[in-house]
2 protein chains.
Amino acid sequence: MTVLTPSAVLVVGSVALDSVETPFGRADDVLGGSGTFFSSSASHFAPVQLVGVVGDDYPVDKLQPLADRGVDLAGLEHATGTSFRWRGRYRHDLNSAETLETHLGVFSNFRPKIPEQFKNAPFVFLANIDPRLQLQVLEQVNKPRLVACDTMNFWIESRRPELVELLGHVDLITLNDGEARQLTERNNLVQAARWIMERGPRYVLIKKGEHGAFMFTPSSIFFAPAFPLESVFDPTGAGDSFAGGFIGYLAATGDLSERSMRRAVVVGSAMGSFAVEKFSNARLLEITRADIEARVQEIAQLVAFDAKLEE
Amino acid sequence: MTVLTPSAVLVVGSVALDSVETPFGRADDVLGGSGTFFSSSASHFAPVQLVGVVGDDYPVDKLQPLADRGVDLAGLEHATGTSFRWRGRYRHDLNSAETLETHLGVFSNFRPKIPEQFKNAPFVFLANIDPRLQLQVLEQVNKPRLVACDTMNFWIESRRPELVELLGHVDLITLNDGEARQLTERNNLVQAARWIMERGPRYVLIKKGEHGAFMFTPSSIFFAPAFPLESVFDPTGAGDSFAGGFIGYLAATGDLSERSMRRAVVVGSAMGSFAVEKFSNARLLEITRADIEARVQEIAQLVAFDAKLEE
C-alpha cells in the first residue's frame, strides 16, 4: 500500500451552539454548525483548516477535540458578541427539522478572512453560508485543485444571482434534492443536475437524506444509498458530515478519477450515517478508521448483486 | 448456459380501465389494474395465469397482446355490469396520484375462482385486493413454492385483522414505505420490516418509488436504486410492474437463493422503470429481452464502486 500525504482541506462555515430535541432526548448548547460537522468528519482523512467566527460566549474548550484531531483553528475568528445559536426539534419521522429559534449573533457580520497559511489549500469547501461570502473566499485562495460548495433554500430565494455567479467558480456543488429542484425549477433530478452543470460545476452531488445520494459527472451518474440505520438519534449535521467524508477522502488520496470519486461518495454516506447516531459531533469524534472501513463494506454489501441474468 | 423451464406464475388482481392525466398528456380508457401491469411485466420471464374480472363493457381485444405473450386468460371472469375504472391525475412532481374517480363496477362483487389448471402454479402473486379475497385465493391453491402479496393504505385501515392474518400465510410482501410505516406503526423501515417478518413473511420488499427499493431477508438487507429516468411519463403501474419483474424472474430461474433474489429485485426495478416511460402497459409490451438486460446493466453501473479504501 502506498502511503500518501493527504492534502489540506480548507472549510469556511458556521461554528454554532445547537439545542436539539428529538424523540430520544434533548441536548442543549452542544457543538453545531456546518464548519464543525464538516471538520469533525473530514479530519478522519486529511488535515483540516477551519475558517469561521464565534462570539465571546463560545465554550472554545469544546473545540479542543477537533484541534487534537488535526483541525487547524487559526482561522476561527473570536468576535465580540454572542455566538450563532440554533434551536430545533425533530418529530418522529426525523426527516425534517423544525427550527424553533435562530440567533445569528456575530455570524451576521461574518466576513471570512483566510489566513495566509491557508490560502494554498488544494481542497476548499464553502459550507452553507451567504453566496456573497463564498465568493469572497474564492477571491482569497490560490487556485485550489477542487472547490466545492453547499447551499440552502434561504440563499436560493434571497441570493439567487450571487449563487448562480458562484456556480461559475466551483467544481462541485452539494445540495439536497429539494434545493436542487428549487434552484433549477426542474422536478426531475437528472434535468436539475444538467441545469446546474451547464452553469459551471463539473460535479453535482444531490443528497436525499435517508434515500441516499446521486453524484452526476459529465459522463455518468453514480448512486450511493444511505446506510439503513435501525435508530437515527439526531439527524443534525448529516449533510455536512457527508461532505466532510467526501472531500476529506479525496484530499487523502489526491485522486479525482471517477473510481476515486465514487468511493468518496460512499465514504460520505458512511460518515453521514455515523453523524446521526449521537447528538452533535459525538459519534464522529469516537469512531475509528476500522469503523469507517466496516461501514463502507456494509454499504457495498447492501447494493451488491450479480448483474448477469440467468434463464 | 442451462436453458431452464420457467415455472408458472398465478396472479390475482384487478383488470381495469384507466384514464390518466399527466403533465405530458392524457390517456382515456386504457388498460390498467394491478393484474394487467403485473402480467405485462412478468410475461417477459414466465408463463402467467391471470385471475380477475371484467364487465361486459371491457374491450377484451385489447388484452390480445397479453395472450400473445403467453398470459393465460382462462381465469378472467366476464361478469354482467361495468368494468373497474380509475381516473387519476399526476401533477408536476409525479410522485403521487390524485384519484379523481374510482368506479368499482363488477370488481365490487369479485370472488376469485382459481381454475383447476392454475391451482398448482408454483409462484403466486396476490395483487392489491381485499385481504379477505387474498385469503380465499390461498384456500384454493396447492402448496405454491412462493406466495407474495401486495396491499395498500385502504386495506391497512379497513381490513387490518384480515391483513395481519394474511401475513401468516405469505412468504413475501411488497408494499411501499408509507404503507409499511402505516401497517407497523414504526417510522424506521428496518424496524417496520422486522415487525412484518415477526408476523410471517420471510421476505419484505419495501418500494420507495423514485428512491428505490429495499429487500429485507432474515439475514440481510438489499437495496436496489430506481433507475434515474430523465423523463417519467406516467407513473401508473410502476409498483405492479416491479412485482411482475421480480416474481417473473424468480419463476424463470426457479432459484430462491439470496443471490437470485437480489437479481430479481433489480429486474423488478428495471421493469418498473420501463412501465413509467409510456402510458398504460405500452412500453412493457414493446421492450425486448435485450432492453431489459441493458437496463439491469445500467443499474449495476449506477451503484458500482470499489469498496477498498486507499490512503
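A short tour of the structure in this document, coming up. From a predicted model like this one, the values you see are computed outputs, not experimental measurements.

**Re the relation of the copies chain B and chain A**
Point 1. Turning chain B through 180° and shifting it by 0.0 Å along the axis lays it on chain A, with an RMSD of 0.0 Å. The superposition of one copy onto the other is thereby described by a two-fold rotation axis. The rotation axis passes nearest to the C-alpha of histidine 211 of chain B in chain B, at a distance of 2.9 Å.
Point 2. Residue by residue, 100% of the interface of chain B is reproduced at the interface of chain A, so both copies engage with the same surface.

**Describing the sheet that holds strand E6 (residues 84–90) of chain A**
All names here are of chain A.
Point 1. Spatial ordering of the open sheet is given by E3-E2-E6-E7, a layout of four strands whose pairing is mixed. The open sheet has two free edges, formed respectively by strand E3 (25–32) and strand E7 (97–103), since each of these has just one partner strand. For this sheet, the mean angle separating the axes of adjacent strands, direction not counted, is 15°.
Point 2. In this sheet, E3 lies alongside strand E2 (residues 16–22) in antiparallel orientation, the contact comprising six bridges. Within E3, the position partnered with threonine 22 by the bridge is glycine 25.

**Some remarks on the interface of chain B and chain A**
Point 1. In this assembly, 36 residues from chain B lie in contact with 36 residues from chain A.
Point 2. Those elements that provide at least two residues to the side of chain B that touches chain A are helix H7 (189–197), strand E13 (221–224), helix H8 (238–253), helix H9 (258–275) and helix H11 (289–303) of chain B.
Point 3. Residues that form the side of chain B that touches chain A fall into these classes: 18 nonpolar, eight polar and 10 charged.

**Regarding the packing of helix H9 (residues 258–275) of chain A against helix H11 (residues 289–303) of chain A**
Residue and element names in this part refer to chain A.
Point 1. The contact between H9 and H11 brings their axes to 9 Å, and the two run at 110°. With respect to each other, H9 and H11 are oriented roughly perpendicular. Pair H9 / H11 crosses with right-handed handedness. Between H9 and H11, the residues in contact are Val266, Val267, Ser269, Ala270 and Ser273 and Ile292, Arg295, Val296 and Ile299, respectively.

Cut-offs applied
- Residues numbered from 1 in each chain as written.
- Chains lettered and ligands numbered in written order.
- Predicted model: local features only at pLDDT ≥ 70, side-chain atom pairs only at ≥ 80, totals over all residues.
- Least-squares fit on C-alpha atoms with pLDDT ≥ 70 in both.
- Contact = placed C-beta atoms within 7 Å.
- Pairing = 2+ DSSP bridges.
- Helix = DSSP H or I, 4+ residues; strand = E, 2+ residues; numbered from the N terminus.
- Axes fitted to C-alpha atoms, helices over the stretch in contact; angles between N-to-C directions.
- Nonpolar A, V, L, I, M, F, W, Y, C, P; charged D, E, K, R; others polar.
- Parallel < 35°, antiparallel > 145°, perpendicular 65-115°, else oblique.
- Left-handed = near helix turned anticlockwise from the far one by under 90°.

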